[in-house]
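For reference, the chains in residue letters:
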Amino acid sequence: MKALVYGGPGQKSWQDVPDPRIVNPTDAIVRIDTTTICGTDLHILKGDVPAVQPGRILGHEGVGTITDVGASVGNLTVGDRVIISCIKSCGHCANCRTGLYSHCLGDEGQSGIGWIFGHLIDGTQAEYVRVPYADNSLHRLPEGVSDEQAVMLSDILPTGFEIGVQYGRVKPGDTVAVIGAGPVGLAAIATAGLYGAAAIIAIDLDKNRLEQARTFGATETVISGSGWKEQVLALTDGQGVDVAIEAVGIPQTFEMATRIVRPGGNVANVGVHGKPVELHLEELWIQNINISTGLVNANTTPMLLKLVAQQKLPAEKFATHRFALDNILDAYDTFSRASETNALKVVITR
Ligand SMILES: [Zn+2]
Ligand SMILES: [Zn+2]
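Residues numbered from 1 in each chain as written. Chains lettered and ligands numbered in written order. Predicted model: local features only at pLDDT ≥ 70, side-chain atom pairs only at ≥ 80, totals over all residues. Heavy atoms only, no water.

Caption draft 1: A look at the coordination of the zinc ion (ligand 2). Summarising the metal site, the zinc ion (ligand 2) is bound by the protein donors Cys90 (SG), Cys93 (SG), Cys96 (SG) and Cys104 (SG), whose distances to it range over 2.3 to 2.4 Å. Taken together, the four donor atoms coordinating the zinc ion (ligand 2) span angles of 103 to 122° at the metal, a pattern that classifies the geometry as tetrahedral. Site description for the zinc ion (ligand 2): donor spacing in sequence, C-x2-C-x2-C-x7-C. Like Cys96, Cys90 is buried. (Donors = N, O, S within 2.8 Å, 3.2 Å for Na, K, Ca; no water. Tetrahedral: all angles 85-135°; square planar, octahedral: opposite > 155°, others 65-115°. Buried < 20%, exposed > 50% of the residue type's maximum accessible area, 1.4 Å probe, protein only.)

This is the structure:
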């Protein structure tokens, strides 16, 4: 088969590799029908994730059709259309039993690390992929949900919802600020209303992304130039927001989140950080705030899938560009130049 293979920092190629096969009885083989590229893939290609070794097939998001199942897979059969969760889940270990799939203790990849596709084992930017713990890591697609909608449930929608909205403890009537209106920030904006957020303020440098944010449910937009903080405070009668969600992953934006949260509020960090961040506890210790971080568990995917199926969550709106799998290198080019191309998610189909 063909797959996108990491060749070390700055290097990738679309090349022939051996077909994956069942290794463990809990595995399934999935033919990839639709995949996409994540900001994390760009981090890997920069060399920011040294655990990813040359030769690894990239990608952790995908939708496909099961072509083979191991002997102990019980819930799924050949021909089923499925979403591949970006997080493995054996379903039996101490962490899986509490829903903490992001730290699944199963042996695949590495015990204690839930994100394994395109990281510790071969990923989804390929014609086929081996999915460990298939019963608990794949979600069968109902009729009426398109691949393009479903692929947004592999990672971005559960990440924005669980790590932004749930960890941020959004409650009815809250004012929520989301810093960074990229795909995951937009996913937080799109799902903040599920817990009754009354006002959602999107903050970004990019005017186009702020326009997009309004279509996903933002009620206010603020350009993160000079005076941004005063604008946010003015929208909250000077009090600050109830929940500040950081969805960029740089020190400045994390600090922004701590500057606009009201006393007693929540800062939910969603961004993937590559550099140390200063935490001004000398000012914050008196503020009674909570700060949360985390990797998605993807344990809300079945619930989010129901909302997508009922047209309550506009998953399809994340798709801005479309490519054939054979042209995945062009998809990378478009996605990596998102500030020029206005790409949110590039959808890649076989
Ligand atoms: Zn991702
Ligand atoms: Zn587990």
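Caption draft 2: Representation of the pattern of salt bridges within the structure. On inspection of all chains with the given rule, the structure shows 15 salt bridges. Three or more residues are tied together by salt bridges with common partners; here these are Asp27, Glu108 and Arg130. (Salt bridge = Lys/Arg side-chain N within 4 Å of Asp/Glu carboxyl O.)

Caption draft 3: Summary view of the coordination of the zinc ion (ligand 1). Looking at the zinc ion (ligand 1), one finds its protein donor set to be Cys38 (SG), His60 (NE2), Glu61 (OE) and Asp155 (OD), positioned 1.9 to 2.5 Å from the metal centre. Classification of the site at the zinc ion (ligand 1) as tetrahedral follows from its four donor atoms and the range of 95 to 133° in their angles at the metal.

Caption draft 4: Fine view of the pairing of strand 11 (residues 241-246). Burial within strand 11 is extensive, with six of its six residues counted as buried. Pairing of strand 11 with strand 12 (residues 261-269), which is carried by five bridges, proceeds in the parallel orientation. Residue Val241 lies in a different strand from strand 12, and its bridge partner there is Val261. Remark: the strand 11/helix 9 (residues 251-260)/strand 12 crossover connection has right-handed handedness. (Helix = DSSP H or I, 4+ residues; strand = E, 2+ residues; numbered from the N terminus. Pairing = 2+ DSSP bridges. Right-handed = clockwise from strand over helix to strand, strands pointing away.)

Caption draft 5: Region of the structure containing the nonpolar core. Ranked by size, the top nonpolar core spans 74 residues in total, and within it Met152, Leu157, Ile189 and Ile245 carry the most contacts. The dominant element in this core, judged by the number of residues it contributes, is helix 6 (residues 183-192), at six residues. When residues of this core are assigned to domains, at least three fall in each of domain 1 (2-155 + 298-349) and domain 2 (159-292). Of all hydrophobic cores here, the second largest spans 17 residues; its members include Ala244, Phe254, Met256 and Ala257. (Core = buried A, V, L, I, M, F, W, Y, C linked by side-chain atoms within 4.5 Å. Domains from an automatic or database assignment.)

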